[in-house]
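What follows is the residue order along each chain.
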Amino acid sequence: MKTVVFGGAGFAGLNITEALLSRGRDVVVFDRAEVPTAARAAFEVHPGKLETVRGDVMDVAAIERVIAPGTDGIIFGTAVTANAARDAAEPELVLNTNLMSLPPILRRAKAVGVRRVINLSSVAAYGAAGDRVQLLEETTPVDPQSLYAISKFATERVAERLGNLWNLDVISVRLCSVFGPWEYATGLRDTLSPHLQVMLAAEAGVPALLPRPINRDWTYAPDMAAGVLAVFEAKAPKHRLYNISPGQTWSILDWGNELAKVRPGFVCRLATNGEAINVDPHAPSDRAPLSPARIFDDLGWCAQTSMTQSIASYEAWWKTHWKKLGARP
């Protein structure tokens with residue numbers, strides 16, 4: 001039995017693929033991009049078998065071929081994480097990729113008897129609601145603003161509607177501010193994490209200059225993948241939507257200063273006296289954190305990696321894989 005990961009060559013997809021392979025599951029990655037050579041090599045140690053298929057998620061014939069009989073599960077993670085400039089220039093690309101590619105995948109999943117489909121949504125679905133409440137729960141009324149946010153929220157509703165009509169097990173998860181291993185510039189992510197920007201500054205030997213501390217409930221990528229798998233493998237989940245968040249907040253400023261302890265000479269600080277920032281927070285303010293209560297109460301999942309643990313883990317991954325990842329494909 002195989003799991004098909006759409007968008008599996010991207011940041012979240014690579015982490016989820018690695019987690020599936022580590023559990024002994026066979027994975028088919030479907031993506032327009034090639035899985036980076038560094039990731040392929042790193043994944044060979046896992047018991048699961050990896051197959052890659054390059055293709056366009058809007059190609060229905062290709063979708064039908066890759067979701068073959070015997071497919072046990074699907075992770076739908078294909079997305080263009082667009083900024084305002086791309087919203088204005090390429091709205092069709094964003095909406096077609098993020099939303100309109102989903103119904104044919106669900107139709108094929110129904111036809112071949114897929115056990116479960118996981119739709120990777122995003123904290124972005126909450127939109128401006130994050131500025132108005134103290135805690136974002138799955139029941140919080142949403143207010144998505146960007147095309148990415150609007151399309152992510154729409155996938156949740158489309159997945160629920162078609163799941164009910166077609167008797168298909170589809171669950172959406174809202175991923176929260178993910179950072180860590182296997183993040184790289186794919187060309188479809190216009191919002192690279194502040195952590196990667198800090199790491200790149202450290203690698204270049206320049207200070208990381210922040211506009212503010214940038215406080216948020218940051219989720220280490222392996223924790224995110226473990227949360228997705230907890231939902232994917234759950235025997236009887238009670239809900240069709242789960243937040244995946246550590247529930248704890250900390251700042252990029254604090255993270256960067258902790259990183260400086262293992263990177264002698266590196267400096268992470270707030271910009272002063274008109275200095276140009278080189279760490280973009282991608283938002284003018286810090287939103288409310290997501291509540292992980294539902295996924296913990298229902299499935300027993302909680303994030304395992306603290307801020308300081310994430311630095312040690314990410315630094316070890318960086319030293320082993322970053323230069324190889326930069327030499328992709």
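Every chain begins its residue count from 1, and numbering advances along the sequence as written. Only residues with pLDDT of 70 or above have their local features reported here, since the model is predicted, and side-chain atom pairs are shown and tallied only from 80 upward, although totals for entire chains, interfaces and linings are computed over all residues. Side-chain measures here rest on the full set of heavy atoms in the structure, leaving out hydrogens and waters.

## Quick look at the pairing of strand E6 (residues 170-175)
Test applied: Only protein chains enter the calculation, and the probe is 1.4 Å; a residue is then buried if its accessible area is under 20% of its type maximum, exposed if over 50%, and partly exposed in between. We count a stretch as a helix when DSSP gives it H or I for four or more residues in a row; a strand needs E for two or more, and each element gets its number in order from the N terminus. Any two strands between which DSSP finds at least two bridges are classified as paired.
Burial analysis of E6 places six of its six residues in the buried class, the great majority of the element. Of the two faces of E6, the one carrying Val170, Ser172 and Arg174 and the one carrying Ile171, Val173 and Leu175 are both buried. Bridging between strand E5 (residues 116-122) and E6 involves six bridges; their strand directions are parallel. Paired with valine 117 across the bridge in E6 is valine 170. In terms of strand pairing, E6 meets strand E11 (residues 241-244) through four bridges, oriented parallel.

## Looking at the pairing of E5
Judged by how many residues are buried, E5 sits mostly within the fold: seven of seven residues are covered. Burial along E5 is two-sided: Arg116, Ile118, Leu120 and Ser122 and Val117, Asn119 and Ser121, pointing in opposite directions, are all buried. The pairing of strand E4 (residues 71-76) with E5 spans four bridges and is classified as parallel. Bridge pairing in E5 places glycine 73 opposite arginine 116.

## Digging into unusual backbone geometry
Positive phi outside glycine occurs at asparagine 167, with the angle close to 55 degrees. Considering the arrangement of structural elements, one finds asparagine 167 in the loop between helix H7 (147-166) and E6. Positive phi values are uncommon outside glycine, yet asparagine 273 reaches one of about 50 degrees. Take asparagine 273: it is sitting in the loop between strand E13 (268-270) and helix H11 (293-299). For asparagine 273, a relative accessible area of 80% gives the class exposed.

## A closer look at the packing of helix H8 (residues 194-204) against helix H10 (residues 252-260)
As a reminder of what qualifies: The angle between two axes is taken between their N-to-C directions and runs from 0 to 180 degrees, where each axis is a line fitted to C-alpha atoms and a helix contributes only its stretch in contact. The hand of a helix crossing depends on one turn: near helix anticlockwise from the far one by less than a right angle means left-handed, and clockwise means right-handed. Should any heavy atoms of two residues lie within 4.5 Å, those residues are considered in contact. Residues are grouped as follows: Ala, Val, Leu, Ile, Met, Phe, Trp, Tyr, Cys and Pro are nonpolar; Asp, Glu, Lys and Arg are charged; all remaining types, including Gly, are polar.
One can describe the packing of H8 onto H10 by two numbers: an axis separation of 11 Å at closest approach and a directional angle of 35 degrees. For the pair H8 and H10, the crossing hand works out as right-handed. Each of Pro194, His195, Val198, Met199 and Ala202 in H8 lies in contact with H10, whose residues at this interface are Ile252, Trp255, Gly256 and Leu259. A per-class count over the contact of H8 with H10 returns seven nonpolar, two polar and no charged.

## Re the pattern of salt bridges
Rule in force here: One side-chain nitrogen of Lys or Arg within 4 Å of one carboxyl oxygen of Asp or Glu is enough to make a salt bridge.
Applying the stated criterion across every chain yields a total of 18 salt bridges. Note that arginine 294 and glutamate 138 form a salt bridge whose closest N and O atoms lie 3.9 Å from each other. You can see arginine 294 sitting in helix H11 and its partner glutamate 138 sitting in the loop between E5 and H7, a full 156 residues away along the chain. With a shortest N-O distance of 2.9 Å, arginine 287 and aspartate 217 are connected by a salt bridge. You can see arginine 287 sitting in the loop between E13 and H11 and its partner aspartate 217 sitting in the loop between strand E9 (215-216) and strand E10 (219-220), a full 70 residues away along the chain.

## Examining the sheet that holds E5
If you walk across this open sheet you meet the seven strands as E3-E2-E1-E4-E5-E6-E11, and the pairing is parallel. Where the open sheet ends on each side, the last strands, each with one partner, are strand E3 (50-54) and E11. Neighbour to neighbour, the strand axes of the sheet diverge by 20 degrees on average, direction disregarded. Examined bridge by bridge, strand E1 (residues 2-6) and E4 share five bridges and lie parallel to one another. Note that in E4 the partner of threonine 3 across the bridge is glycine 73. Each of E4, E5, E6 and E11 is contacted by H7, which is oriented at about 155 degrees to E5, the strand it contacts most. Helix-sheet contacts for helix H9 (residues 221-233) involve E1, E4, E5, E6 and E11, and the interaxial angle to E5 is about 145 degrees.

## Some thoughts on the environment of aspartate 31
Short version of the rule: N or O atoms closer than or at 3.5 Å make up a polar contact, with two conditions inside protein: a donor-capable atom paired with an acceptor-capable one, and, for residues adjacent in sequence, both atoms drawn from side chains.
The residue aspartate 31 is located in strand E2 (residues 26-31) in this model. The spacing of aspartate 31 and leucine 259 is 228 residues in sequence and 33 Å in space, taken between C-alpha atoms. Discounting chain neighbours no more than four positions away, the residues touching aspartate 31 are Gly7, Gly8, Ala9, Gly10, Val53, Arg54 and Gly55. Engagement of the side chain of aspartate 31 in a polar contact is seen with the backbone nitrogen of alanine 9, the distance being 3.0 Å.

## Overview of the packing of aromatic side chains
Rules: Working definition: rings of Phe, Tyr and Trp (its six-membered ring) pair if their centres are within 6.5 Å, and the pair is stacked with planes under 30 degrees apart, edge-to-face with planes over 60 apart, and tilted otherwise.
Counted by the stated rule, this structure contains 13 aromatic pairs. Ring centres 5.9 Å apart and planes at 80 degrees place the aromatic pair phenylalanine 179 and tryptophan 255 in the edge-to-face group. Of this pair, phenylalanine 179 sits in strand E7 (residues 178-179) while tryptophan 255 sits in helix H10, placing them 76 residues apart in sequence. Overall, phenylalanine 179 belongs to the buried group, its relative accessible area being 1%. For tryptophan 255, a relative accessible area of 0% translates into the label buried. A ring pair is formed by tryptophan 218 and tryptophan 250, whose centres lie 6.5 Å apart and whose planes are at 45 degrees; its orientation type is tilted. Note that tryptophan 218 is positioned in the loop between E9 and E10 and tryptophan 250 in strand E12 (residues 250-251), a separation of 32 residues in sequence.

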